[in-house]
Amino acid sequence: MTHVVAAAGTVGRPALNITIFAFFVLVSLAIAVSAAGNNRTTTDYYAGGHAFSGRQNGIAIGGDYLSAASFLGIAGLIALDGYDGFLYSIGFLAGWLVVLMLVAGPLRNTGRYTTADVLDLRLRAVPVRAAAAVSTLTVSLFYLLAQMAGAGALVSLLLGVRNAAGQDATVAAVGLLMIFYVLVGGMKGTTWVQIVKASLLAVGAAVTTVWVLAKAGFSLSALLGHAAAASPAGLAVLGPGLLYGVSTASKFNFISLSLALVLGVAGLPHVLMRLYTVPDAAQARRSVVWAICLVGAFYLCTLVLGYGAMWLVGAKQIEAAPGKENSAVPLLAFHLGGTVLLGVIAAVAFATILAVVAGLTITASASFAHDVYAGVLRRGEADPASEVRVARITAVVIGAVAVIGGIFAKDIDVAFLVALAFAVAASANLPSILYSFFWPRFTARGALWSIYGGLISAVGLIIFSPVVSGNAGGLGGAGPSLISDPHIDFAFFPLDNPGIVSIPLAFFLGWLGSVTDPQPADPVRFARMQVRALTGVGAERSSRG
Amino acid sequence: MSLSQDSSRGNASGYEIVYASREFRTLRRRLGSFVVPVTVLFLGWYFLYVLTATFAPGFMRISVFGHINAGLCFGATQFVAVFAVTIGYRRWARRNLDPMSQRLRQRLESGRNR
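Residues numbered from 1 in each chain as written. Chains lettered and ligands numbered in written order. Predicted model: local features only at pLDDT ≥ 70, side-chain atom pairs only at ≥ 80, totals over all residues.

(A) Quick look at the overall build of chain A. Each helix and strand counted, chain A has 21 helices and zero strands in total. Here the C-alpha radius of gyration of chain A, 22 Å, is about what a compact globule of 545 residues would show, namely 24 Å. Taken over the C-alpha atoms alone, chain A extends approximately 65 × 55 × 45 Å along its principal axes. Buried residues in chain A amount to 68% of all 545 residues. Taking contacts inside chain A between residues at least 6 apart in sequence as the whole, the part at least 24 apart equals 82%. (Helix = DSSP H or I, 4+ residues; strand = E, 2+ residues; numbered from the N terminus. Rg over C-alpha atoms; globule rule 2.2 N^0.38 Å. Buried ≥ 20, exposed ≤ 12 C-beta atoms within 10 Å, placed from the backbone. Contact = placed C-beta atoms within 7 Å.)

Next up, the structure:
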């Protein structure tokens with residue numbers, strides 16, 4: 001184990017890695033500062049003045065969405081477990097069609113900054129706004145923890161930081177940087193950081209993919225053959241089942257995961273909030289088209305990268321490296337292009353984490369300031385300057401929470417934590433968004449039941465699942481439980497991912513709460529909602545126009 | 001400007017008139033007749049893939065060409081389906097949705113400015 005670490009550490013030269021890192025950080029800071037401009041109004045701070053084009057925003061969405069979980073996690077899963085990692089990436093991509101066809105246009109037409117705006121337009125109920133804010137904050141924090149955990153593992157691999165204190169210091173440094181981006185750059189600065197990062201990521205992934213393919217004589221079949229020959233599992237890595245096929249529980253776990261992935265994208269608050277940075281619904285749709293192209297092409301690359309790492313690096317070396325599967329791509333880069341490519345790929349991965357973390361922070365701070373402070377506490381009477389001030393303070397608080405959480409969560413698998421965030425998003429957010437747009441009988445009580453029911457059931461089932469206790473051996477995909485003591489076992493829900501139960505339950509509760517509501521839905525509000533959602537009348541446009 | 005803050009009954013009635021109009025109904029019907037079947041078909045195709053991978057892994061291992069097996073091809077069709085639906089929806093919405101929703105929007109906005 002130490003041998004491999006030393007190999008990656010000494011040959012990879014931490015000094016060079018740190019130099020490349022520092023260069024990327026400085027460049028992105030300069031971008032954030034110069035792009036920030038004037039961030040005094042809420043529209044500037046939350047939505048970049050609605051002034052980005054569809055293409056810019058689509059690339060930024062790609063930058064926001066392709067987190068460390070995608071770049072490092074999925075390729076790593078493929079490198080170790082073969083085909084089952086590929087299944088993950090298809091779920092992450094497929095969910096975008098729900099965003100494209102059902103959510104993007106209506107959302108942009110009916111909200112200003114947050115998804116709670118949409119529910120508020122439809123239902124005009126302060127408790128619903130509060131509920132939407134609670135679920136937005138929960139999902140964002142889940143996602144944030146995953147990214148911070150990834151940052152610690154990545155940096156320990158690349159900078160040769162091996163002791164716990166050094167890792168904690170790096171997590172804290174990531175937190176500080178992200179707070180700086182968000183405070184200075186607002187949504188505009190964050191967006192530009194994401195655009196730059198997405199471009200770097202696309203180039204880095206494409207170059208490495210072509211390199212791997214070239215080594216295999218540009219034959220995918222040959223690449224797969226080499227990979228299978230190098231793997232201890234042999235040809236089994238080319239088919240499904242290594243990760244999720246081991247037992248009935250793990251099979252249903254996989255179905256639950258797939259459901260959460262395909263329905264979770266359209267409930268992710270930091271993705272949805274990006275749709276407000278463009279002038280109108282047509283541009284929002286265009287953003288999603290760009291995002292789908294970028295994300296889809298990227299996941300095709302991860303297939304090659306994953307099997308390439310299996311072939312060229314080997315499962316043994318990946319397992320032994322700090323960060324395990326998350327280090328497969330950096331190790332592959334080192335194998336192919338030596339120190340320099342390793343440094344570049346590592347810096348791209350680091351930029352990825354920073355950009356995603358900044359996007360999540362601005363979403364969470366907007367949700368607190370716009371929904372909780374201005375919407376609930378001040379009943380919509382807050383002036384924009386104080387709202388932005390509250391958003392900035394919230395960003396600092398969220399940064400601190402993320403640093404502390406990240407220090408505790410650093411040993412948990414990144415892709416897995418993200419999948420849990422998807423499950424919570426699909427359960428707590430998606431049903432009420434869809435009902436608001438398309439179901440005339442939806443009421444405030446239905447929204448409350450659906451949001452809190454989805455949130456509580458998803459989080460509750462995670463707490464009583466093998467994720468938290470009772471799986472000391474680490475069977476069935478997710479690795480050992482958080483509570484590793486085998487004597488403590490309060491898990492009664494057999495699956496790691498709650499989606500298969502909590503998502504249908506949230507849809508059902510939304511229906512039940514609405515049809516049994518003594519106060520029936522107001523048809524006038526539904527008419528207004530649908531007309532606005534489909535025509536864009538009354539939507540807030542670019543501050544420039 | 002005042003549109004985003006409206007809550008009075010008088011403003012809502014403009015929306016109701018549009019909502020009840022034949023053109024808006026056509027718009028809704030068009031949207032539904034594309035989005036609903038395509039979403040159902042696509043999700044069906046996705047879950048067929050997921051279930052096949054889970055319960056029929058043997059099928060996924062059938063070789064198609066060299067080391068490229070049925071599972072990889074089936075997975076590739078998911079990518080193709082996502083790209084095809086994306087491109088198809090974009091073209092369809094531009095041709096069939098946008099002109100109509102723009103007309104309705106202009107009508108509502110001019111009616112309000114009188």
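What follows continues from the structure just given.
(B) Looking closely at the environment of Phe368 of chain A. All names here are of chain A. Note on placement: Phe368 falls in helix H15 (residues 328-377). Accessibility expressed as a C-beta count within 10 Å gives 23 for Phe368, which makes it buried. Each C-alpha atom, one on Phe368 and one on Leu144, is 15 Å from the other, the two residues being 224 residues apart in sequence. In this view, Phe368 contacts Ala133, Leu137, Tyr373 and Thr394; residues no more than four positions away in its chain are not counted.

(C) The nonpolar core, seen in detail. Residues and elements named next belong to chain A. Core analysis: the biggest nonpolar cluster contains 237 residues, and Trp96, Ala309 and Ala421 have the highest contact counts within it. When residues of this core are assigned to their parent elements, the largest contribution, 30 residues, is made by H15. Among residues more than four places away in sequence, those in contact with Ala421 are Val139, Phe142, Tyr143 and Ala146. (Core = buried A, V, L, I, M, F, W, Y, C linked by C-beta atoms within 7 Å.)

(D) Spatial organisation of the interface of chain B and chain A. Taken together, the contact pairs 45 residues of chain B with 44 residues of chain A. Of all the elements in the fold, those that place two or more residues in the side of chain B that touches chain A are helix H1 (9-20), helix H2 (22-55), helix H3 (57-60), strand S2 (68-69) and helix H4 (70-113) of chain B. Looking at which element gives the most residues to the side of chain B that touches chain A, the answer is H4 of chain B, with 17 residues. For the side of chain B that touches chain A, the residue count by class is 27 nonpolar, eleven polar and seven charged. (Nonpolar A, V, L, I, M, F, W, Y, C, P; charged D, E, K, R; others polar.)

(E) How the structure looks around the packing of helix H6 (residues 83-110) of chain A against helix H13 (residues 281-312) of chain A. Residues and elements named next belong to chain A. Two elements in contact, H6 and H13, have axes separated by 9 Å at closest approach and are oriented at 175°. In this view, H6 runs roughly antiparallel relative to H13, as classed from their interaxial angle. Residues Gly85, Phe86, Ser89, Phe92, Leu93, Trp96, Val99, Leu100, Ala104, Gly105, Arg108 and Asn109 of H6 lie in contact with H13, whose contacting residues are Ala281, Ala284, Arg285, Val288, Ala291, Ile292, Val295, Gly296, Tyr299, Thr302, Leu303 and Gly306. Classifying every residue of the contact of H6 with H13 by side-chain character gives 15 nonpolar, seven polar and two charged. (Axes fitted to C-alpha atoms, helices over the stretch in contact; angles between N-to-C directions. Parallel < 35°, antiparallel > 145°, perpendicular 65-115°, else oblique.)

(F) Main features of the confidence of the model for chain B. Put simply, chain B has an average pLDDT of 85, and 86% of its residues get 70 or more. Least confident of the elements in chain B is H1 of chain B, whose mean pLDDT is 72; most confident is H2 of chain B, at 94. (pLDDT = per-residue confidence, 0-100.)

(G) Just H6 of chain A, in detail. All names here are of chain A. Over its 28 residues, H6 extends 41 Å from the first C-alpha to the last, a length consistent with the 40 Å expected when each residue adds 1.5 Å. Roughly 55° is the biggest bend found in H6, and it falls at Val103, with proline Pro106 one to four residues downstream. Most of H6 sits inside the fold, with 28 of its 28 residues counted as buried. (Expected span 1.5 Å × (residues − 1). Bend = angle between axes of the 7 residues up to and from the residue.)

(H) How the structure looks around the confidence of the model for chain A. Residues and elements named next belong to chain A. Across chain A, pLDDT averages 86, with 92% of residues at or above 70. Within chain A, the element-level pLDDT minimum falls on helix H1 (residues 2-11), averaging 41, and the maximum on helix H20 (residues 499-515), averaging 96. Scored below 50 in pLDDT, residues 1-11 shows 14 contacts in the model against residues more than four places distant or in partner chains.

(I) Focus on helix H2 (residues 14-36) of chain A. For H2 of chain A, with 23 residues, the first-to-last C-alpha span of 32 Å sits near the 33 Å given by 1.5 Å per residue. Looking only at H2 of chain A, the buried set comprises Asn17, Ile20, Phe24, Ser28, Ala32, Ala35 and Ala36 of chain A.

(J) Quick look at unusual backbone geometry. All names here are of chain A. The backbone of His50 sits at a positive phi, close to 50°, despite the residue not being glycine. For His50, the position within the fold is in the loop between helix H3 (42-47) and helix H4 (54-65). Even without glycine at this site, Phe218 takes up a positive phi of about 55°. Of note, Phe218 is situated in the loop between helix H9 (164-215) and helix H10 (220-230).

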